[in-house]
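# Topology and contacts: notes
Below are the chains, spelled out letter by letter.
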Amino acid sequence: MRRDENEAERAALASAWPRALIESGVADQITDDWRARAQRAVESGLPPWPRYALDAVLADGLFEVRRARRVVRGLEGAADALDRERAGLSRSAATRSAGRRISRLLLLASDGAPRFYRQAEKLAARHQERLAVAVIDADEEAMGAALYGSGQRVRAALIDHKDAVIAVLERLASQAVEP
């Protein structure tokens, strides 16, 4: 039965990505890579999210997303933004639909304290219907430099628009290792 549960979890995640990724066929690749990376993190005793390198492709994508003003800086800022959006969504009958649809992406630097990651887990659980979380293997200075330029520090960044989320996920997909 564990295999059936595993396959159901995989199918749920694969169908939760933005529709543009599903239609382009990238969603399955992201799903398999995302789950494998998250599993490796858990097995290593790290927070339960996939980990990605901050390579030049991702750094460029993060800079472009920030330049488009699609980044909310910090865990508290992300929580406030997601809570405000949730309040607005709950008032809008047109947006109520069954199932999960990822439209926000929370990126975390890899040098956070355990308390920081516990707070991120709570935030992820509260907004699980539309939020995905990944850890970038970089300290807050490197992540800040990628987003805002040299000398900036960012430990958490929320990508707060569906098109920006798609752009970053496509950059992460470029790091996927073929089986």
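So, here's what we can say about the structure. (Residues numbered from 1 in each chain as written. Predicted model: local features only at pLDDT ≥ 70, side-chain atom pairs only at ≥ 80, totals over all residues. Heavy atoms only, no water.)

## Structural notes on the sheet that holds strand 4 (residues 131-137)
Note the cut-off: The criterion for strand pairing is that DSSP finds at least two bridges linking the strands in question. Each helix is a run of H or I in the DSSP string that is no shorter than four residues. Each strand is a run of E no shorter than two, and both are numbered from the N terminus. Lines fitted to C-alpha atoms define the axes, with helix axes restricted to the stretch in contact, and inter-axis angles between N-to-C directions lie between 0 and 180 degrees. We call two residues contacting when some pair of their heavy atoms lies within 4.5 Å.
Pairing is mixed in the open sheet, where five strands are placed in the order 1-4-3-5-2. With one partner strand each, in any of the chains shown, strand 1 (51-53) and strand 2 (71-73) form the two edges of the open sheet. Each strand axis lies, on average, 30° off the axis of its neighbour in the sheet, ignoring direction. Pairing of strand 3 (residues 104-109) with strand 4, which is carried by six bridges, proceeds in the parallel orientation. Within strand 4, the residue paired with Leu 108 across the bridge is Val 135. Where helix 4 (residues 56-67) meets the sheet, its contacts fall on strand 1, strand 2, strand 3, strand 4 and strand 5 (156-159), and the angle it forms with strand 2 comes to roughly 90°. Helix-sheet contacts for helix 7 (residues 140-148) involve strand 2, strand 3, strand 4 and strand 5, and the interaxial angle to strand 3 is about 135°.

## Examining the pattern of salt bridges
If the charged atoms of two oppositely charged side chains come close together, the side chains can form a pair. Keep this limit in mind: Basic side-chain nitrogens of Lys or Arg form a salt bridge, by our definition, when they fall within 4 Å of a carboxyl oxygen of Asp or Glu. Only protein chains enter the accessibility calculation, which uses a 1.4 Å probe. A residue is then buried if its area is under 20% of the maximum for its type, exposed if over 50%, and partly exposed in between.
Scanning the entire structure with this criterion turns up 15 salt bridges. Between Asp 60 and Arg 171 there is a salt bridge; the shortest N-O distance is 3.2 Å. Here Asp 60 is found in helix 4, whereas its partner Arg 171 is found in helix 8 (residues 162-173), with 111 residues between them in sequence. When its relative accessible area of 38% is taken as the criterion, Asp 60 is described as partly exposed. Here the residues in one salt-bridge network are Glu 85, Arg 86, Arg 104, Glu 129 and Arg 130, joined through shared partners.

## Quick notes on the nonpolar core
For clarity, the threshold we go by: Think of a nonpolar core as a cluster: buried Ala, Val, Leu, Ile, Met, Phe, Trp, Tyr and Cys residues, connected wherever their side-chain atoms sit within 4.5 Å.
Within the largest apolar cluster, 34 residues are counted, with the highest numbers of intra-cluster contacts made by Trp 17, Trp 34, Leu 105, Leu 107, Ile 159, Val 168 and Leu 169. Other than its neighbours up to four places away in sequence, Leu 105 contacts Trp 34, Leu 131, Ala 132, Val 133, Ala 157, Leu 158, Ile 159, Val 165, Val 168 and Leu 169. Residues Val 72, Ala 78, Leu 82 and Ala 156 belong to the second largest nonpolar core, which totals 19 residues.

## A short note on helix 4
At 3.6 residues per turn, the α-helix brings residues three or four places apart onto the same side. Rules: Here a helix's expected span is defined as the number of its residues, less one, multiplied by 1.5 Å. Note: the arc covers the axis-to-C-beta directions of the helix.
For helix 4, which comprises 12 residues, the first-to-last C-alpha distance of 16 Å matches the rise-based estimate of 16 Å (1.5 Å per residue) to within 8%. Inspection of helix 4 places Leu 58, Gly 61, Leu 62 and Val 65 among the buried residues, and these make up the whole buried set. Viewed end-on, helix 4 has its buried residues packed into an arc of 100°, placing them on one side of the element. Across from the buried face of helix 4, at angles greater than 90 degrees, the exposed residues are Ala 56 and Arg 67. Following helix 4 by one or two positions, Arg 69 has its phi on the positive side, about 60°.

## Some points on the packing of helix 3 (residues 26-43) against helix 8
So the rule is basically this: Note on convention: the crossing is left-handed when the near helix lies turned anticlockwise from the far helix by less than a right angle, right-handed when the turn is clockwise. Residue type decides the class: Asp, Glu, Lys and Arg count as charged, Ala, Val, Leu, Ile, Met, Phe, Trp, Tyr, Cys and Pro as nonpolar, and the leftover types, Gly among them, as polar.
One can describe the packing of helix 3 onto helix 8 by two numbers: an axis separation of 10 Å at closest approach and a directional angle of 65°. The interaxial crossing formed by helix 3 with helix 8 has left-handed handedness. Here helix 3 contributes Val 26, Gln 29, Ile 30 and Trp 34 to the contact with helix 8, which in turn contributes Leu 169, Leu 172 and Ala 173. Here the contact of helix 3 with helix 8 is composed, by residue class, of six nonpolar, one polar and no charged.

## Remarks on the side chain of Arg 37
As a reminder, the rule being used: We call two N or O atoms a polar contact when they sit within 3.5 Å, provided that within protein one can donate a hydrogen and the other can accept it, with sequence-adjacent residues counted only if both atoms are side-chain atoms.
Looking at the element boundaries, Arg 37 is found in helix 3. Only 2.8 Å separates the side chain of Arg 37 from the backbone oxygen of Arg 51, close enough to count as a polar contact.

## Remarks on helix 6 (residues 114-126)
When the terminal C-alpha atoms of helix 6 are compared, their 19 Å separation across 13 residues agrees well with the 18 Å that a helix rising 1.5 Å per residue should span. Taken together, the buried positions of helix 6 are Phe 116, Tyr 117, Ala 120, Leu 123 and Ala 124. Down the axis of helix 6, the sector holding all buried residues measures 115°, keeping them to one side. For helix 6, exposure combined with an orientation more than 90 degrees from the buried face picks out Pro 114, Arg 115 and Lys 122.

Read these as geometric descriptors, not functional statements.
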